[in-house]
Structures are given as structure tokens and as C-alpha cells.
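Spelled out, the chains give:
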There are 4 protein chains.
Amino acid sequence: MKVLITGFEPFGGEGVNPSWSAARLVAEARPCGFDTTAVRLSCVYGKAIAELRAAVADTGPDLVLCAGQAGGRTGLSVERVAVNVDDARIPDNAGNQPVDEPIVPGGPVAYLSSLPVKACVAAVREAGLPASVSGTAGNFLCNHVFYGLAHLIATERPGLRGGFVHVPYAPEQVVGKAEPSMSVQDIARGLAVIVETAARTTTDLGVPEGATH
Amino acid sequence: MKVLITGFEPFGGEGVNPSWSAARLVAEARPCGFDTTAVRLSCVYGKAIAELRAAVADTGPDLVLCAGQAGGRTGLSVERVAVNVDDARIPDNAGNQPVDEPIVPGGPVAYLSSLPVKACVAAVREAGLPASVSGTAGNFLCNHVFYGLAHLIATERPGLRGGFVHVPYAPEQVVGKAEPSMSVQDIARGLAVIVETAARTTTDLGVPEGATH
Amino acid sequence: MKVLITGFEPFGGEGVNPSWSAARLVAEARPCGFDTTAVRLSCVYGKAIAELRAAVADTGPDLVLCAGQAGGRTGLSVERVAVNVDDARIPDNAGNQPVDEPIVPGGPVAYLSSLPVKACVAAVREAGLPASVSGTAGNFLCNHVFYGLAHLIATERPGLRGGFVHVPYAPEQVVGKAEPSMSVQDIARGLAVIVETAARTTTDLGVPEGATH
Amino acid sequence: MKVLITGFEPFGGEGVNPSWSAARLVAEARPCGFDTTAVRLSCVYGKAIAELRAAVADTGPDLVLCAGQAGGRTGLSVERVAVNVDDARIPDNAGNQPVDEPIVPGGPVAYLSSLPVKACVAAVREAGLPASVSGTAGNFLCNHVFYGLAHLIATERPGLRGGFVHVPYAPEQVVGKAEPSMSVQDIARGLAVIVETAARTTTDLGVPEGATH
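Everything in this summary refers to the structure shown in the same document. This is a predicted model, so every value here is computed, not measured.

This part is about the overall build of chain A. When you go through chain A residue by residue, the secondary structure sums to five helices and ten strands. Its C-alpha atoms give chain A a radius of gyration of 16 Å, near enough to 17 Å, the size a compact globule of 213 residues would have. Put simply, chain A has 213 residues, and 62% of those count as buried. Put simply, 78% of the contacts in chain A that link residues at least 6 apart link residues at least 24 apart. For chain A, the accessible area works out to roughly 7200 Å², and carbon and sulfur atoms hold 49% of it.

This is the structure in C-alpha cells:
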């Protein structure tokens, strides 16, 4: 099996992005011995999806796991749904700040993840790390790439499966702040567990993980 | 203009539901002098949508605002998107606990709100109360009713506009907890501002309110 | 019985300070019909205590309740202990920023409140508002005034009783932030309940309200 | 130099206590090559201080660092002040639940830490981990032991220096919860940095780290 894992370059004034630091470690660790490639995506609307599509074309993966930083979250958040809206609270790294623009004009309002999100969450917890299903990937680059991936799968790559995971800040990003964090080693360990679980699981677990609001 | 506003009965062991306490106050206050009806929905999957549909049929509204309790939120959350998934963390008031079931089999994955969500948020803030656009209404009864309303509008009532607002706990619900709350009077004031704003606004504001994650 | 209640002027770039907005309402409401005076203290090290001492000398109270803003807290926090340390994270309104300086050189490290803190918390909850005992009043003006009051009582006014209550942001201060708030009317109602409870209670309740950390 | 580091046994239904897991790692790592002993304290009022006193008598340390679990905190919290009050929100591991009892009858209301708390915080941050000065150690076993240590130093061991550090949950404790955590390896690394800093620093840094409330 071939696996593509992506992380993002830093944004918002941060010096690092733990999604990329961890993605590189996952590729080095080669979960289950899979041929795993890590690619760093730009934090730029449009360009990020183009880079993702190029990486898929280049590496021909069976499974794609995209990761992004979600400052303030306490564990790995396996995203359930990608929404067809860009709405940038802050400018991206090229200065773009789209507001309420569709990612794919005419595309469906949303896609559900093609990963077994609950099996992934259960496996990360089993490994001793906090995880949850998330109901929103936001409206910045993470949701943008997630939607781009889901649209690619739905329209051009029916055999491909893929999804998105948000990861907490690395400890070094919050040294003087009261914000939760997770070590990059633990983030990478959790992402590897998700790759392994998604690779072997096609039917998701029937356990409740929804939010009451 | 005719307005229908809904709240929910209490759930999860609570003695009150601030969405209903406030909805009643809004109907009594008659924002802009509109003919405003308040209806309390059951916290029961399926039944809640049936009650909503009956209330729409009975009152023939031009605008529907559904409200629900979102314990832990700090202000009014105007929901952007309804997702076609029931995934009940806790049983509803009839003991149902659907997991990953579609609300409308074959329906689209999601609908965007037909309310001007950013204009509504801006108006509530202008009135001195905290508000934000939310990217997920969860997977419990609130999202269920929101999706049911959006599907009704999309498939049967093209002239109707409507959306969903999550409200914080009332103070009495958190007396011994470290959870945020908002007085029912302020919740009602904010909901009335949303009704007034939605009634007079058809083009939303082009300001960023997206989440970075 | 004569009551003195104090609040602070705004600080930290805020346009209002809910402790003063509420203190004024309490004085107008005259809890239990008590002769109640509200005084606004400067947010300036040294000067604030001088103003408090002058107000005590002028009004000759039996009970003093000082209030201050604690942005981020969810309910009324009845402070248990005042510590003899100024350590200003931000400059006060006169530009002073003392670091690790004693409030009263040679004074004890700390004083416990002379109010029945648990009876006060129980009474506020009974009134339907969130409240808790707090184990730290910080190191800014609130703790400064609290310590100054406790030292005055301990060294010069043995018959006087008094304490400190932290209050949440007012809603208007958090319109665009994810921070908890409480309406000024509810803050005032809670402070009045504390005045009434402190006035009639000399032996505190023996219920646990400590923090595990 | 001889160092004594303590952690606690699990409490509150937890299977582990990260303060002890980390303390053991610190003793194995021998910061600066110091002769370092780790001792696990019982989560029992009275007994915990007795165990601490026995360990001090046995090992004759120059420096004592006590650590405890503070579920919900995001980084290492170097405690500034120990207060002479036991007030147990939950029973200890022997079923005791003292309410508003002095730890040392007739003892001072509080002691300040004899560690250079700000130098310790700065050093942990320099090592890439989140840390802060805390103004309250609560009223459970952590504050109890901290006060017992400070009283021992003040009354019997004038040459000894010591203090208390609260640590976050370990990741395994929060797998299904939205609570912050820190890896035990990182906790141990931070505690070792504190030992090294406290050993070489007698005059604290004059930087503001106080809380505004």
C-alpha cells in the first residue's frame, strides 16, 4: 500500500507547524512498512490544493492523510466533514483573504470523510493519546485542502481514500501561553496509528462520537 | 411578516432549556411588531422535525428561527451549516440514540443557512452581546432540526428563509460549575435582534467570520 | 448596619469595569435597607488603598465588600486569601508596574478573608447565579486592595469585617471574543446577596469548596 | 548537592499520577549529576507530610522539589504560595475530607516558595515547554505538602530550599476527554530543568509573572 501524508508550512506568525513536523516523522517511521511519502503544503488558498493534486499524481497513493494545526485543541481531531466555503479569518501566507467563496464553484456543500473516523479515534485512544471526532475543520486552509481532497476522490479518484486530522500546538509554541499542546513525537505516533487503522479498516465502528452541539 | 421561533424542551437531566425560555420571551416581545409564534420542540429524533413541519404548516411563516442550548458556549452562535448525520452522544428524551444515520436518506450531505449569518452576528454584537458564526451545530437534536428546516425550505418552501442559533446555558444551570452562561433576558434580546436583522437583510455582510480550524 | 462597597475604574484598555457598574447598582438597591455607599477606586497601586482607607474613615462601615473584574471567570469568585505581593503583569493606570514587592513591608505573607466565604457562595447559588470560592486574587490591584483592607482590619479596625469578590466580564466587553460574561444586573444581584449574607452570618458553613489544585 | 524529588500516588480514580511517573524519571536522569532521590507520597492528609519529613531526615537534601498533578492545567505551574488551609473537595485516599482546617494550628496563614519561581519558569520555557507561576496550589494534598515543606524549612531546616510544581495530566489520562495534557517525558524534562535552575539560582529574576486576577 502507498500512503501520502501531508502537513502545512507555518502560518499566523508561528515558527513551526506541528502538522509538518509530525508528518515527516510518520513518513520516516513507515507505518506497517507502507511506502509513505510526506509532502509539505503551502498555506495559500488554491496553491495548497494544486500541490496536493500534484503529490497524488506523482505518488499514486491508496491512502491520503492530510494534517493541519488546530491551536487550542487538546488531542487529535479526526475531521468528519469538509465544507465548500473559504472564509479566512486571517490572510494566508500569500496575503489572500477570501470571504464566503466556494472552494469548488458548483461543488456540493460538503463531503463526509472517506476514512473510518471512529475506528481511527478509537485506535488513537487505545494507543494512550487523546482523540475525538470533529464536526468542523474551520474555513481556512485545513478545510480547504480537506474539501479539495474529497472532491478529487469523488470526481477523479474513486479508488482513493483520504481524510483530514487536526493536531494540537507543539509545546514550544505555547511556552508562555495557557494553551494545550502535544509533543510532536506523540502527534506523529497518533498519525501513524490513524494511517494503520485507515489502511486495514473499511467499515467504521458504530459507536457514538457526535457532539451534542 | 410572520415569524416562527422555536426552542427545545430540557434534555440531559437539565430542568430548563434556555432556548425555549428565551423563544417565549421573543414571541411576547414581537420584534418589529411581527406576528411571532413560539413553539417548543421535543428533544426526540424525528418527532422534533415533524413538530417543526406542523408548526410551519400551521403558521405559514416568512422566517423561521430555531434555537437550541449549547452548553459551554459563551455567546449566541449563528450556525452556518447543517449536516445530514445523526450521531447521538446521549439518548434523546425518548431513549433513541441513532449513530451515523442520515436525517434524510438520499439528502445532500449539508445545507448552508439561508439566514444572513454575518449580518446577524454583527447586529447582536452591536447590541452589546457576544455572538459568532459557528461551523458546526453538532449531531444531536439541534443539527437534526436545522437540517430538517433547511431540507423543507430546499424541497418544499422556496420562499421561506430560516436558520439555527445556539445559545449558552442560563445562569441557573451552572451555579456550581465553571461553565459560561448568559441571562435568559439577554438571550431573548439577542434572538430578537437576529429576527429583526434576518427580516430586513437578504444580502449578507462580506466580512470574515470563519474559524482557522 | 453601614455597608461600603467598592469597584474599580476600567483598566487594560477596557471602556468599562463591571465591578463599578455593579457596585453602583448595589448601593442604589440598598440590600436589607442598609446604609450603603459605593466608591470607585483607582486602578493605581498605593492610591487604591489610600482611597479605600479614606472611604472607610469617611463612612464608618460595619462591612466592606470590594469587587474587581476577573476577565475569563464564569461566576462570582469569593476570594479566600490575600497575599502580600504586588506583581503587575501589565502597568496600572498610572504606569506603575511593581514586581514582587510587598504591599505592606513586614506584613504577614497572607490574610484570610473575614467574610463567611462559603455561606456567601451558597447564597449566590441559591439565588440562581454561578459562584465559587477562589484561592487566589492574583497579584494586581484586586489582591492589592484586598490585602490592604485585610491589613486595615487586622491592625486598626478589629470590629470591621470585609472581603473581596471577583466578577466576570460584562457582555459588552466580550462581543467578539470567546470569553464568558455575566450581565451587570446579575452581578449586582449576586453582590447584594453577598452583602446580605455577610451581614447576617458570622459562622461560616462547613462545606467543602476547596480546589484540588 | 543532594536533591529530593517527590510525586504522589494516584487519586480521584486515576490509574496513574504523572507527578510520580515523572519524578522517578528525574531521579534516574540525575540532573547536573546531583545525588537525586525520588519518593512517592501518599495522597492522605497528615501521612503525606510525615512521609516527606521522613524522606528529608533520611536523605538530608539541599533542595526539595515536590510535584503533584493538576488536571486541567496546560503546563508546569511553579507554585508561589502555600496556604495554611485544608479544604478537601473530594476525600483523600484514606477517606479523610477535612474542611477549613489548618495544616499547622497556629502556623502562619501562608509561606512563599523558597525557590526562584520566575527563574524556574523562564528556564522551562527556554527548554521549549510551557510553564507559568501559579498563585494557588489549591487546598488538597498538593498545597498540604507544600505548606508542610515550607513550615519544615522555616522552623527546622533553615538551610534547606524547596518548593512545589503542579504538572498537567499525562496523555493517557485524557484519551476521551477535552483536557490538556503533557507527555511524562516532557514533564520529567521540565522538572529536571527546575531542579538545575533552583540549584544554581539564589536570586530570582525580576520579571513580571503575576496574574491580573
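Structure's up, so let's keep going.
So, about the relation of the copies chain B and chain C. Note on the copies: chain B fits chain C at an RMSD of 0.0 Å, the axial shift is 0.0 Å, and the rotation between them is 180 degrees. The transformation just described matches what one would write down for a two-fold rotation axis. Residue B:Pro180 of chain B places its C-alpha closer to the rotation axis than any other residue of that unit, at 2.5 Å. Interface residue correspondence from chain B to chain C reaches 100%, placing this contact among same-surface, isologous pairings.

Summed over the entire model, instances satisfying the criterion amount to 16 aromatic pairs over all chains. Judged by centre distance (5.5 Å) and plane angle (50 degrees), the rings of C:Phe11 and C:Phe140 are tilted. Residue C:Phe11 is located in the loop between β1 (2-8) and α1 (18-29), and its partner C:Phe140 is located in the loop between β9 (131-134) and α4 (141-155); the two are separated by 129 residues in the primary sequence. Side by side, C:Phe11 and C:Phe140 carry an identical accessibility label, which is buried. An aromatic cluster is present here, built from A:Phe11, A:Tyr45 and A:Phe140 joined pairwise through their rings. Over the ring of A:Tyr169 we find A:Lys177; its NZ or CZ atom is 5.7 Å from the centre of that ring.

Residues and elements named next belong to chain D. Tracing the sequence through the fold places Val104 in the loop between β7 (99-101) and β8 (110-112). Between the alpha carbons of Val104 and Gly148 there is a distance of 7.9 Å; along the sequence they are 44 residues apart. Here Val104 is in contact with Asn84, Tyr147 and His151, once residues within four sequence places are set aside.

Residue and element names in this part refer to chain B. The N-to-C vectors of helix α1 (residues 18-29) and helix α5 (residues 184-200) enclose an angle of 60 degrees; their axes lie 8 Å apart at closest approach. For the element pair α1 / α5, the angle class is oblique. Remark: the crossing between α1 and α5 carries right-handed chirality. In this structure, α1 contributes Pro18, Ser21, Ala22, Leu25 and Val26 to the contact, and α5 contributes Val184, Gln185, Ile187, Ala188, Leu191 and Ala192. Its residues assigned to classes, the contact of α1 with α5 shows nine nonpolar, two polar and no charged.

Parameters and conventions
- Residues numbered from 1 in each chain as written.
- Chains lettered and ligands numbered in written order.
- Predicted model: local features only at pLDDT ≥ 70, side-chain atom pairs only at ≥ 80, totals over all residues.
- Heavy atoms only, no water.
- Helix = DSSP H or I, 4+ residues; strand = E, 2+ residues; numbered from the N terminus.
- Rg over C-alpha atoms; globule rule 2.2 N^0.38 Å.
- Buried < 20%, exposed > 50% of the residue type's maximum accessible area, 1.4 Å probe, protein only.
- Contact = heavy atoms within 4.5 Å.
- Areas by Shrake-Rupley, 256 points an atom, 1.4 Å probe, with all protein chains shown as cover.
- Least-squares fit on C-alpha atoms with pLDDT ≥ 70 in both.
- Phe/Tyr/Trp six-rings, centres within 6.5 Å; stacked < 30°, edge-to-face > 60°.
- Lys NZ or Arg CZ within 6 Å of the ring centre and 35° of its normal.
- Axes fitted to C-alpha atoms, helices over the stretch in contact; angles between N-to-C directions.
- Parallel < 35°, antiparallel > 145°, perpendicular 65-115°, else oblique.
- Left-handed = near helix turned anticlockwise from the far one by under 90°.
- Nonpolar A, V, L, I, M, F, W, Y, C, P; charged D, E, K, R; others polar.

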